[in-house]
Amino acid sequence: MNSPPYTVYYFEAFGGRAEAAHLMLAASGTSFEKKGKDELPSAAFQCPALRDNSTGLVLAQTTVIAKFLGRRLGFDVEGGDEEIIAMKIADDIADIWKEGYSLRKQLDMARCLEWLDCMPDGSRNRGRFVRLLSVINESRSVGNGKGQTFLTGSEVKYVDFLLLNAIRTMEHCYGVEKVAQCLSQESCGNLKDVVENVKGLDKVKAYLETSPPVLYESISAAKLFGNAVRSRSISPPKPPLQTAASISKRHSKGFVDKAVASRVDMSAPPGHTSVKKRSTINVGALHTGSIHDFNKEQRKTEQVENAWGAMFAGGGKK
């Protein structure tokens, strides 16, 4: 029995980072087989990996596999600046995958909400999902892809399959409704339509009807919402370590926010970073850059308490 043209190596229970390759092969009507990570060829460091069974060529890295299959299956962006811009968009999509997935695994609800905020304020982390989507949309101006049916024009290309996979991954982690809200921002253009156009291709639709889930259940949006409910009934999440540069500046000028000052341990000697309670700040550590900015964390906790249910489960605070 002859082998199918391609073999895709990944975890058997879900599509994950290999899903884009699965979608491209399905959309082109090309047969392929799936094998688990235990059978990974020695030429690949980790999954996903692809083997061209006609030549023995083995490739790893999600975007490289997508670019290769794009060239073989008729989904490539060829020539000039358009080809380079497509590669840039593919890397932007990879950033969405990496950041969104990593945050979800950390179970840090406040940081997740910050990353998903639809109103970026110029700070490092707030609204990064929308900002990444926005730069993808803006990059489409080269080659007149902006506003078109797919990312780079009127025909589906490999970057479109990467985008669909990334969006499906974020929907799994954070919920369809919240991701749709981010995609609907004006700066994202018609990216939401692009995703639906790829999903609506006949062979893609048929594959998705029978495909494994994009990721495992333990990091689903439903699980995250359940954890949020349980954490509210026990205690607020412990705030992550934050820089104290802004507090240090205020303190050096002779004033500190009342909300902070009311929790300062005035008896501790300068330079000590230990605290009596989680809600107590050592005034001597204000200049060390290694304390919690409790004002900021208090606001984050309030966001979790008041917005989590509505943003991720379609309901109010429970």
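All values reported here derive from a predicted model rather than from experimental measurement.

1. Remarks on empty space enclosed by the protein
Inspection of every chain in the model, using the stated rule, returns one cavity of 30 Å³ or more. Put simply, the largest cavity is a space of about 50 Å³. Forming the walls of the largest cavity are V8, R17, A18, A20, A21, P48, A49, L50, T62, I65 and A66. Those elements that place two or more of their residues in the lining of the largest cavity are α1 (19-28), β3 (49-52) and α2 (62-73). Among the elements that make up the lining of the largest cavity, the one with the highest residue count is α2 (three residues).

2. Remarks on the packing of aromatic side chains
Applying the stated criterion to the full structure yields eight aromatic pairs. Centroid distance W115 to F129: 5.0 Å. Interplanar angle 15 degrees. Geometry classified as stacked. With W115 in helix α4 (residues 109-116) and F129 in helix α5 (residues 128-139), the pair connects residues that are 14 residues apart, well separated along the chain. Of the two residues examined, W115 and F129, each falls in the buried class. Site record: aromatic cluster; members linked through ring pairs are Y10, F11, F14 and Y216.

3. A word on the nonpolar core
L69, I96, F129, L151, Y158 and Y174 are the most contacted members of the largest nonpolar core, which totals 69 residues. Top element by residues in this core is helix α6 (residues 158-174). It accounts for 11 residues.

4. Brief notes about the sheet that holds strand β2 (residues 32-35)
Ordered by their spatial adjacency, four strands build an open sheet running β2-β1-β3-β4, and the pairing between neighbours is mixed. Every other strand in the sheet has two partners, leaving β2 and β4 (58-60) as the edge strands with one partner each. Geometrically, the sheet is characterised by an average inter-axis angle of 20 degrees between neighbouring strands, direction not taken into account. Relative to β3, strand β1 (residues 6-9) is paired through four bridges, and the arrangement is antiparallel. Counterpart to T7 in the pairing with β3 is R51.

5. Concerning the pattern of salt bridges
What the rule picks out here adds up to 13 salt bridges. One salt bridge connects K35 with E39, and the closest N-O pair in it is separated by 4.0 Å. We classify E39 as partly exposed; its relative accessible area is 46%. A salt bridge links D52 to R72, with the nearest nitrogen and oxygen atoms 2.5 Å apart. Here the residue D52 occupies a position in strand β3, and R72 occupies one in helix α2, the gap between them amounting to 20 residues.

Rules used in this analysis
- Residues numbered from 1 in each chain as written.
- Predicted model: local features only at pLDDT ≥ 70, side-chain atom pairs only at ≥ 80, totals over all residues.
- Heavy atoms only, no water.
- 1 Å grid on protein atoms, 1.4 Å probe; cavity = no way out; pocket = protein on both sides within 12 Å on 5 of 7 lines; lining within 4 Å.
- Points joined across faces, edges and corners; volume = space filled by probe spheres on them.
- Helix = DSSP H or I, 4+ residues; strand = E, 2+ residues; numbered from the N terminus.
- Phe/Tyr/Trp six-rings, centres within 6.5 Å; stacked < 30°, edge-to-face > 60°.
- Buried < 20%, exposed > 50% of the residue type's maximum accessible area, 1.4 Å probe, protein only.
- Core = buried A, V, L, I, M, F, W, Y, C linked by side-chain atoms within 4.5 Å.
- Pairing = 2+ DSSP bridges.
- Axes fitted to C-alpha atoms, helices over the stretch in contact; angles between N-to-C directions.
- Salt bridge = Lys/Arg side-chain N within 4 Å of Asp/Glu carboxyl O.

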